[in-house]
6 protein chains.
Amino acid sequence: MFPGATDERGAGDAARDDDSADANFVVVGAPLDVSTTFQPGTRFGPRRIRTFAEPFDDYDSRTHQHFSDLGVVDRGDVHAWDDVSAYLEYLAGTVRDAVWEEAIPLVLGGEHTVSLAGVRAVEPEVFVCLDAHLDLYDAYDGNPLSHAAVTRRILEDVDSVEEVVIFGARTGSELEWERADADDVTVVSPETVAEPSVAVSDVVDLEGRDAYLSVDIDAADPAYAPGTGTTEPFGLEPREMRGIVRAVAPHASGFDVVEVNDRDDGQAAALGGKLLREFVFTKAADGDG
Amino acid sequence: MFPGATDERGAGDAARDDDSADANFVVVGAPLDVSTTFQPGTRFGPRRIRTFAEPFDDYDSRTHQHFSDLGVVDRGDVHAWDDVSAYLEYLAGTVRDAVWEEAIPLVLGGEHTVSLAGVRAVEPEVFVCLDAHLDLYDAYDGNPLSHAAVTRRILEDVDSVEEVVIFGARTGSELEWERADADDVTVVSPETVAEPSVAVSDVVDLEGRDAYLSVDIDAADPAYAPGTGTTEPFGLEPREMRGIVRAVAPHASGFDVVEVNDRDDGQAAALGGKLLREFVFTKAADGDG
Amino acid sequence: MFPGATDERGAGDAARDDDSADANFVVVGAPLDVSTTFQPGTRFGPRRIRTFAEPFDDYDSRTHQHFSDLGVVDRGDVHAWDDVSAYLEYLAGTVRDAVWEEAIPLVLGGEHTVSLAGVRAVEPEVFVCLDAHLDLYDAYDGNPLSHAAVTRRILEDVDSVEEVVIFGARTGSELEWERADADDVTVVSPETVAEPSVAVSDVVDLEGRDAYLSVDIDAADPAYAPGTGTTEPFGLEPREMRGIVRAVAPHASGFDVVEVNDRDDGQAAALGGKLLREFVFTKAADGDG
Amino acid sequence: MFPGATDERGAGDAARDDDSADANFVVVGAPLDVSTTFQPGTRFGPRRIRTFAEPFDDYDSRTHQHFSDLGVVDRGDVHAWDDVSAYLEYLAGTVRDAVWEEAIPLVLGGEHTVSLAGVRAVEPEVFVCLDAHLDLYDAYDGNPLSHAAVTRRILEDVDSVEEVVIFGARTGSELEWERADADDVTVVSPETVAEPSVAVSDVVDLEGRDAYLSVDIDAADPAYAPGTGTTEPFGLEPREMRGIVRAVAPHASGFDVVEVNDRDDGQAAALGGKLLREFVFTKAADGDG
Amino acid sequence: MFPGATDERGAGDAARDDDSADANFVVVGAPLDVSTTFQPGTRFGPRRIRTFAEPFDDYDSRTHQHFSDLGVVDRGDVHAWDDVSAYLEYLAGTVRDAVWEEAIPLVLGGEHTVSLAGVRAVEPEVFVCLDAHLDLYDAYDGNPLSHAAVTRRILEDVDSVEEVVIFGARTGSELEWERADADDVTVVSPETVAEPSVAVSDVVDLEGRDAYLSVDIDAADPAYAPGTGTTEPFGLEPREMRGIVRAVAPHASGFDVVEVNDRDDGQAAALGGKLLREFVFTKAADGDG
Amino acid sequence: MFPGATDERGAGDAARDDDSADANFVVVGAPLDVSTTFQPGTRFGPRRIRTFAEPFDDYDSRTHQHFSDLGVVDRGDVHAWDDVSAYLEYLAGTVRDAVWEEAIPLVLGGEHTVSLAGVRAVEPEVFVCLDAHLDLYDAYDGNPLSHAAVTRRILEDVDSVEEVVIFGARTGSELEWERADADDVTVVSPETVAEPSVAVSDVVDLEGRDAYLSVDIDAADPAYAPGTGTTEPFGLEPREMRGIVRAVAPHASGFDVVEVNDRDDGQAAALGGKLLREFVFTKAADGDG
Ligand SMILES: [Mn+2]
Ligand SMILES: [Mn+2]
Ligand SMILES: [Mn+2]
Ligand SMILES: [Mn+2]
Ligand SMILES: [Mn+2]
Ligand SMILES: [Mn+2]
Ligand SMILES: [Mn+2]
Ligand SMILES: [Mn+2]
Ligand SMILES: [Mn+2]
Ligand SMILES: [Mn+2]
Ligand SMILES: [Mn+2]
Ligand SMILES: [Mn+2]
């Protein structure tokens, strides 16, 4: 159970203000860990994120909200198996249930591949992600459902998606960079993210469009998130990631945090849980407006 | 033994300049580890801090001083037990011994609760701390001596204390934030600390007043101090912490570094030991002036 | 095998462009681990660096090069033994082989002492290093071949070396700082490195001179490289280190990365491997010009 | 959720045979971690035990039963706080609920102190435990509710308890050993347990008496359970522990496994979970007879 | 490179006695890590085993042989990818190359599934394995190529295999145990292995038959091999495993050690490497006779 | 400070019975860590052993003694440096001080090489050790003071030593085994130690002779002591080691425990500390007789 969430919607409803009736969220764990290239362990990501969120205060002083008031329901994990294609379909079904209930899904990965299920369920126009990697392989080691191909899949196979924006990307194959040159992809380097003068709205126009926000924790510099499959130095700082989450959340109908594993002292999981909360607080506050 | 300290005052006295006769310091370990909320292990804090200070050079090039010349005596640990109230009283007695000898106490926690003993012994007018948390609970889980209530205890129960300043705080309960709104509390967010234009003297007037400086290591971003009970992302950078230590030290009659545990690769302990040394070097250099 | 390198020059030759014929590199592991002062394990440095470089993309988008095209040959490790003097001589011979083949040696430490072998083989005019420490002891614990004396040895015992520049140094003994005051040593503090207005060319004139670049991973702040023998807080950020590597590489005929051990979650090794690649990419791109 | 348990009794009931109607079990987590003497972390014991039981097969080939058929309900954790006396009372209430439902409580510690709550609820005549320690202090560091005093408390303060048997004990204070000499205590050394000719029934007559079985995981040799607060070499082997569990289970109305922490690679938790299952399988099979 | 092996057959040939010409071995790493059920990391198995074999003496005093004299060639790893079926076919090809050269293949896993490739290449009549698990699932989570189904696959899909013997098995599903009741499967419990009176030859007649020996490291008690995917307490002791290796080796034409991961302090890898060497020493000594 | 020891002889004297006046012990830490072949970290051995002895009870029920009554003085560590020959001489001097005071030295390694200093100071007739390795190299990697040559050095270079007995040895080079065949060396295999019918007195006649007992912790099976430089499977069980310590202690005038490092969860250190205590308890009890 994500701290502050409930496992039955009823309980949450009773406790929360009527005002936040349109700010309903559903947590789904997706511990897929099949295609991880280097250091495995994303199967423990949902558990780690929930655990390291335990010491966080329920209250958020910026938005004057209690997390436990916001109607977050944790539906537990969708047990993963080896047939990734079938798993994604099943997972998308579970996420779609949340969408049909007019709730915002919050998916806890698991490898990045699970974003494909999230996006299929949400059907956004824009896919925004934070990632060290382009994930624009057409197939990796022959596998089109590899975590390294997920952004390509989303861009090309999900009909609703018109555009992809990747914040923090700093590495990829030559073919991925060529694909990234196309009009439907925008890559914002970590150095650009760090420039105080650059706002998310300068990079992508989200007004009137529906977005899905995916946080691959390896977007962060490895100092802040050593516990991930493929660490890549020279990355984002947590406050930069938070800034992007705050800017995108009001436009987003779905969210995930992925690629957290159990191979560090909790840094990756704590950061992931914090960004999820930041998304929820921002979205809920925006919904009140 | 903290590296560079002696266990008998005599040895240190012989070695140091007469000029620094008023810059005498006493290290006391306070391995209390009872109320830690999430990840325990602060009982190993004093040992970790002493150990990870071993590779540090004795010499400080900024102040042109040798640590081992500054009359630092390490009295070892005050063994902790379960009765926190009795323990704090006993610990305060040990710290008070140092104060009566006109030495500056340097307490190595242990959970943050031990600051209450330090402050009772020093009786400062201002309590300055670096902390991710407000620690302004009236009681946590019914316990008024929880680490999460220590700043409240100090503010309300120690007569000499007029004012509290908390640098780096970024989380708390709603009631804590309300308490923080009162005139006797100043909270400086991590974002404000990071602003180059903001000086400690803009925030609190320490001239002519006696301060106690407490470093809860979780004030740092978890990247710099993963080994602490309750990590909280979006925190301070070590140089920002150092800047505050340098600014406050000349006004401080007592110091502690707390909440270091043994659950990382030494980052928290190394940073804690370094900030303690920075305090001593600054204070000693100031005493020479 | 460093990822993207070959173990036979032939294979590499076949795969690379003729243009890069003058950008040939030889990796040599030097797992010396005898004089490490605090936390040992540098003997595992070469292995760690090679391992944590596995997830890196072959392609570099900044210089439009593939690492595997650049003629990097990995000759494996030169097994270390206790007689440091004899080992350095033997290691220098191996590195000299690379120099005589007009290749650029890339040494993977091992303790910093191995730089002495690298410098003896390369015979540069300027020794540039990134290091938290001055390493200017005449002898440490009576040992003139200690890692803590390596920069002094290089400066005083290698005839070709005229000048030493140390970026990121923040600690040393009083005698080391005095030695650092001489004209043939320049120390650039971490705070100075962080100033955007300060360029490497402001600090040292490398035009027309031959340099050797040594990266002691402890130059980085411990958050970015906890896995090293003697962590020293308040250090460099990875992008600052990268900037120095980029600026020095075009002038350098030898390179090493040292003091990585196995006592973290891969941060030190990943950073070390990344900086080695940055050196190679920059040097190779420069060679094309 | 302990693997194979359900969180609602209904689900379990539906799935199980009518024959096992009298073999109903209730898991309660009791993450108390206040008085741990050396290495803390028992607060993570319930979570670790549940997690490391995940790979175990549902089926037991010795008793031809499926764990998930045996009506085991997991009620989650009873959140612990600092007031141990109050906590034990509350915990005893929760355990007593299970007893009143004619179920067998299975408590997951937490420090050994929680056995006092279990025993108060079950009110057995004999307290059988596996423990490296006598736990017969009258008070430890002045604390009569220390884990090191729990067997004394149970023996002297719980009216129903007539007798205590401690298997595997190999250390204690002089006063504890004196107390152990009394008629109401039997200590069976690890060496005696290892003798094939010694049966549990030789040591204690359990026929017609109600027992409570407590497994302090430190009864095992540290090789088999490094993750516990106070490791004590020369301990029991897992099969010896299993033999005692099998012998006592048919006579026991309550069970706990305590002192597992998170400071190893899962050995302590896996062994703890396995012994809990062994208890359940044996008890359930016995109930069928 | 496995310590004592060579990477070119030539070198090994030169160094060894003519007598051992029929005792030629080929090491192949098979870092498959796709279907691991609980704790992943078998992809690091080959590397771990090679690394932790480094401190072993080349000489074996029991058989009076040097490992480096026995013509062991290490062909490195066969890089694994997601398509397990294709990977096994490719791996079987590599192993078959060794068989056709009349060498004995020594496969380093990787998950247990890789034994299927080894057995396909060797085509033995008897498959002997050490395993905590039956691995007789027809399919696990719908996957017939899961590590949990490997012994079933070998038994039913490899034509040459007439019989399977599993030493140390102590858990399985009900269906697996039923399959184990058939005439072509023999299960020897850990308790039976421990009986000094039971010899391997009592269990299976290997005279005149060709065997393949597979060591799933989880056959060992978790104390001896914590670093494996699914630890199962109450297992074998290393000397018991060694006894089986010694008894089977003279009859075996293929060998593997699998399921070692990187989640312990080297115990699993050291044991795995030692058992591989024991196999080679025994086989080579037998070949001399 | 080893738990139960004092740092001033006076304090200990006051507390102990006159009867034990001839059972005086001096602990000396010898953190040498230069020649460790595989995994370094023995420099942390003395600290680890002292730390993990903290939870042990002061009282020993077998001999009815309190450790703190036995006049054990801890003189701290003799800081190690790179010049092993000089260090051993200095260390021998410190140990000799204890011998001249008619105390029994208890050396905490550090690598096994430090036994040479202990033996030089004690000048025994018989050197008894527990070790996985013969340590009979004449020189290892050219170094006659390597840990792998220590037993050879002791046997051949210390005049008083007539005979060496090695319990638990299971590996060595061919030349070492040849040296072990000579009359002055007895090797007792782990399998022989395990035989209940074999007593130490069957192996070596210690009556009327002065012995020195050295415990290389790698004599234990790696399950019981993973934290050592070169683990070697198929080793001794702790109770077997204890049996040898009990048998030899009455005849021994010196003791050490070596090769403990910090690369496990405390198992090696706890076992080492326990065996040291067993030595002291046995020796002291024997002295009373
Ligand atoms: Mn990604
Ligand atoms: Mn990524
Ligand atoms: Mn605090
Ligand atoms: Mn805090
Ligand atoms: Mn250096
Ligand atoms: Mn350095
Ligand atoms: Mn107990
Ligand atoms: Mn116990
Ligand atoms: Mn298997
Ligand atoms: Mn298995
Ligand atoms: Mn030895
Ligand atoms: Mn040894």
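Residues numbered from 1 in each chain as written. Chains lettered and ligands numbered in written order. Predicted model: local features only at pLDDT ≥ 70, side-chain atom pairs only at ≥ 80, totals over all residues. Heavy atoms only, no water.

Here Gly109(C) and Gly110(C) are connected by a cis peptide whose omega angle stands at 10°. Examined against the element boundaries, Gly110(C) turns out to sit in the loop between β5 (104-109) and α4 (114-122). Look at Asp141(E): it is not a glycine, yet its phi comes out positive at around 50°. As for its placement among the helices and strands, Asp141(E) is situated in the loop between β6 (126-130) and α5 (150-157). (Helix = DSSP H or I, 4+ residues; strand = E, 2+ residues; numbered from the N terminus.)

Below, the discussion takes up the UniProt feature "binding site: Mn(2+)" (unreviewed entry) in chain A. Residue and element names in this part refer to chain A. This chain's UniProt record puts "binding site: Mn(2+)" (unreviewed entry) on His 112, Asp 131, His 133, Asp 135, Asp 216 and Asp 218. Spanning 107 residues, the named residues nonetheless gather at one spot, since no C-alpha pair among them exceeds 12.0 Å. Mapped onto the elements, Asp 131 comes out in the loop between β6 (126-130) and α5 (150-157). Exposure remark for Asp 131: the relative accessible area of 0% places this residue in the buried category. Once you skip the residues sitting within four places of it in the chain, Asp 131 turns out to touch His 112, Ile 166, Phe 167, Gly 168, Ala 169, Asp 216, Asp 218 and Ala 219. Of the polar contacts made by the side chain of Asp 131, one reaches the side chain of His 112; its length is 3.1 Å. Within the secondary structure, Asp 135 is located in the loop between β6 and α5. Among all residues touching Asp 135, those that are not within four sequence positions of it are His 112, His 147, Ala 148, Ala 149, Val 150, Thr 151, Arg 152, Glu 176 and Asp 216. (UniProt positions renumbered as here; feature names shortened; annotations may be inferred. Buried < 20%, exposed > 50% of the residue type's maximum accessible area, 1.4 Å probe, protein only. Contact = heavy atoms within 4.5 Å. Polar contact = N/O pair within 3.5 Å; in protein donor to acceptor, adjacent residues only side chain to side chain.)

The subject of this paragraph is the pairing of strand β1 (residues 25-30) of chain F. All names here are of chain F. Taking burial as the measure, the six residues of β1 include six buried ones, the bulk of the element. In β1, alternate side chains face the same way, and those of Phe 25, Val 27 and Gly 29 on one face and Val 26, Val 28 and Ala 30 on the other are all buried. Strand direction decides the pairing type here: β1 and strand β4 (residues 72-77), joined by four bridges, are parallel. Opposite Gly 29, over in β4, you have Asp 77 as the bridge partner. (Pairing = 2+ DSSP bridges.)

Turning next to the side chain of Asp33(D). With respect to the helices and strands, Asp33(D) occurs in the loop between β1 (25-30) and α2 (45-52). Judged by relative accessible area, which is 4%, Asp33(D) ranks as buried. Polar contacts involving the side chain of Asp33(D) include one to the side chain of Arg43(D), which spans 2.7 Å. Apart from the residues lying within four places of it in its own chain, the contact partners of Asp33(D) are Pro40(B), Pro40(D), Gly41(D), Thr42(D), Arg43(D) and Glu111(D).

All names here are of chain C. Protein coordination at the manganese ion (ligand 5): the donors are His 112 (ND1), Asp 131 (OD), Asp 135 (OD) and Asp 216 (OD), at 2.1 to 2.2 Å from the metal. All donor residues of the manganese ion (ligand 5) come from one chain, and their arrangement in sequence is H-x18-D-x3-D-x80-D. In this structure, the manganese ion (ligand 5) is positioned 3.1 Å from the manganese ion (ligand 6), and both are ligated by Asp 131. You can see His 112 sitting in the loop between β5 and α4 and its partner Asp 135 sitting in the loop between β6 (126-130) and α5 (150-157), a full 23 residues away along the chain. Accessibility assignment for this pair places His 112 and Asp 135 in one class, buried. (Donors = N, O, S within 2.8 Å, 3.2 Å for Na, K, Ca; no water.)

Residue and element names in this part refer to chain E. For the manganese ion (ligand 10), every protein donor is listed as Asp 131 (OD), His 133 (ND1), Asp 216 (OD), Asp 218 (OD) and Asp 218 (OD), and the spread of their distances is 2.1 to 2.4 Å. Donor residues for the manganese ion (ligand 10) sit on one chain with the sequence pattern D-x1-H-x82-D-x1-D. The metal-metal distance between the manganese ion (ligand 10) and the manganese ion (ligand 9) comes to 3.2 Å, with Asp 131 coordinating both. Within this pair, whereas His 133 is found in the loop between β6 and α5, its partner Asp 218 is found in the loop between β9 (211-216) and α9 (238-248), the two being separated by 85 residues in sequence. Judged on exposure class, the residue His 133 and its partner Asp 218 are both buried.

Residue and element names in this part refer to chain F. By the criterion of burial, strand β9 (residues 211-216) is predominantly enclosed, with six of the six residues buried. Bridge count between strand β6 (residues 126-130) and β9: five bridges; the pairing is parallel. Paired with Cys 129 across the two strands is Ser 214, which belongs to β9. Sheet topology places β9 next to strand β10 (residues 252-258); six bridges connect them, and they run parallel. When the bridges of β10 are listed, Tyr 212 appears paired with Gly 254. The parallel pair β9 and β10, bridged by helix α9 (residues 238-248), forms a crossover whose chirality is right-handed. (Right-handed = clockwise from strand over helix to strand, strands pointing away.)

Each copy superposes on the other: chain A lies on chain C with an RMSD of 0.0 Å after a rotation of 120° and an axial shift of 0.0 Å. A rotation of that kind, with that shift, is consistent with a three-fold axis. In terms of proximity to the rotation axis, the leading residue of chain A is Ala223(A), whose C-alpha is 3.1 Å off the axis. Taken together, the interface assignments show that only 14% of the residues at the interface of chain A recur at the interface of chain C, consistent with different surfaces on the two copies. (Least-squares fit on C-alpha atoms with pLDDT ≥ 70 in both.)

What follows covers the interface of chain A and chain C. Taken together, the contacts link 28 residues of chain A with 22 residues of chain C. Together, the buried faces of chain A and chain C total about 2,000 Å²; carbon and sulfur atoms form 56% of this surface. Interface area lost by chain A to chain C is led by Phe38(A), Glu174(A) and Phe234(A), which between them contribute 33%. Joining chain A to chain C, the criterion identifies two salt bridges. Measuring nitrogen to oxygen at the nearest pair gives 2.3 Å for the salt bridge that ties Lys274(C) to Glu232(A). Here chain A is connected to chain C by six residue pairs in polar contact (both at pLDDT 80 or more). (Buried area = accessible area lost by both parts, 1.4 Å probe. Salt bridge = Lys/Arg side-chain N within 4 Å of Asp/Glu carboxyl O.)

Taken together, the contact between chain B and chain A spans 28 residues of the former and 22 residues of the latter. Here chain B packs against chain A, burying approximately 2,000 Å² in sum over the two surfaces, 55% of which is carbon and sulfur. By the criterion of area lost to chain A, the three top residues of chain B are Phe38(B), Glu174(B) and Phe234(B), representing 32% of everything that side buries. The closest approach of N and O atoms between Glu191(B) and Arg242(A), which form a salt bridge, is 2.6 Å. For the interface between chain B and chain A, the tally reads seven residue pairs in polar contact (both at pLDDT 80 or more). Of all the secondary structure elements, the ones that give two or more residues to the side of chain B that touches chain A are α6 (174-180) and α7 (190-194) of chain B. Considering only residue class, the side of chain B that touches chain A consists of twelve nonpolar, seven polar and nine charged. (Nonpolar A, V, L, I, M, F, W, Y, C, P; charged D, E, K, R; others polar.)

Residues and elements named next belong to chain C. Given a rise of 1.5 Å per residue, 17 residues ought to cover 24 Å, and the 24 Å separating the end C-alpha atoms of helix α3 (residues 84-100) matches this to within 8%. Burial in α3 covers these residues: Val 84, Tyr 87, Leu 88, Leu 91, Ala 92, Thr 94, Val 95 and Ala 98. Each buried residue of α3 sits inside an arc of 165° when the element is viewed along its axis, so together they form one side. Exposed side chains of α3 directed beyond 90 degrees from the buried face belong to Glu 89, Tyr 90 and Trp 100. Trailing α3 by a residue or two, Glu 102 shows a phi angle of about 60°, which is positive. (Expected span 1.5 Å × (residues − 1). Arc of directions from axis to C-beta.)

Take the packing of aromatic side chains next. Tallied over the entire structure, the rule returns 54 aromatic pairs over all chains. When the centroid spacing of 4.6 Å and the interplanar angle of 25° are considered together, the rings of Phe255(B) and Phe279(B) count as stacked. Here Phe255(B), found in strand β10 (residues 252-258), pairs with Phe279(B), found in helix α10 (residues 267-288); they are 24 residues apart in sequence, far enough to count as distant. Of the two residues examined, Phe255(B) and Phe279(B), each falls in the buried class. With centroids separated by 6.2 Å and ring planes inclined at 65°, the aromatic side chains of Trp81(F) and Tyr90(F) adopt a geometry described as edge-to-face. Of the residues examined, Tyr90(F) reaches a relative accessible area of 53% and is grouped as exposed. Clustering of aromatic rings is evident, with ring pairs tying together Phe2(A), Phe67(A) and Phe281(A). Lying over the aromatic face of Phe56(B), Lys274(B) brings its terminal NZ or CZ to 4.1 Å of the ring centre. (Phe/Tyr/Trp six-rings, centres within 6.5 Å; stacked < 30°, edge-to-face > 60°. Lys NZ or Arg CZ within 6 Å of the ring centre and 35° of its normal.)

What follows covers the pattern of salt bridges. Residue and element names in this part refer to chain A. Considering all chains together, one arrives at 114 salt bridges over all chains under this definition. Between Arg 50 and Asp 74 there is a salt bridge; the shortest N-O distance is 2.8 Å. A residue pair is termed long-range when its members are at least 10 positions apart, and Arg 50 in helix α2 (residues 45-52) and Asp 74 in strand β4 (residues 72-77) qualify at 24 residues. Asp 74 shares its class with Arg 50; the two are buried. Each of the salt bridges in this network shares a partner with another, and the network as a whole consists of Asp 138, Arg 152, Arg 153, Glu 156, Asp 157, Arg 179 and Asp 184.

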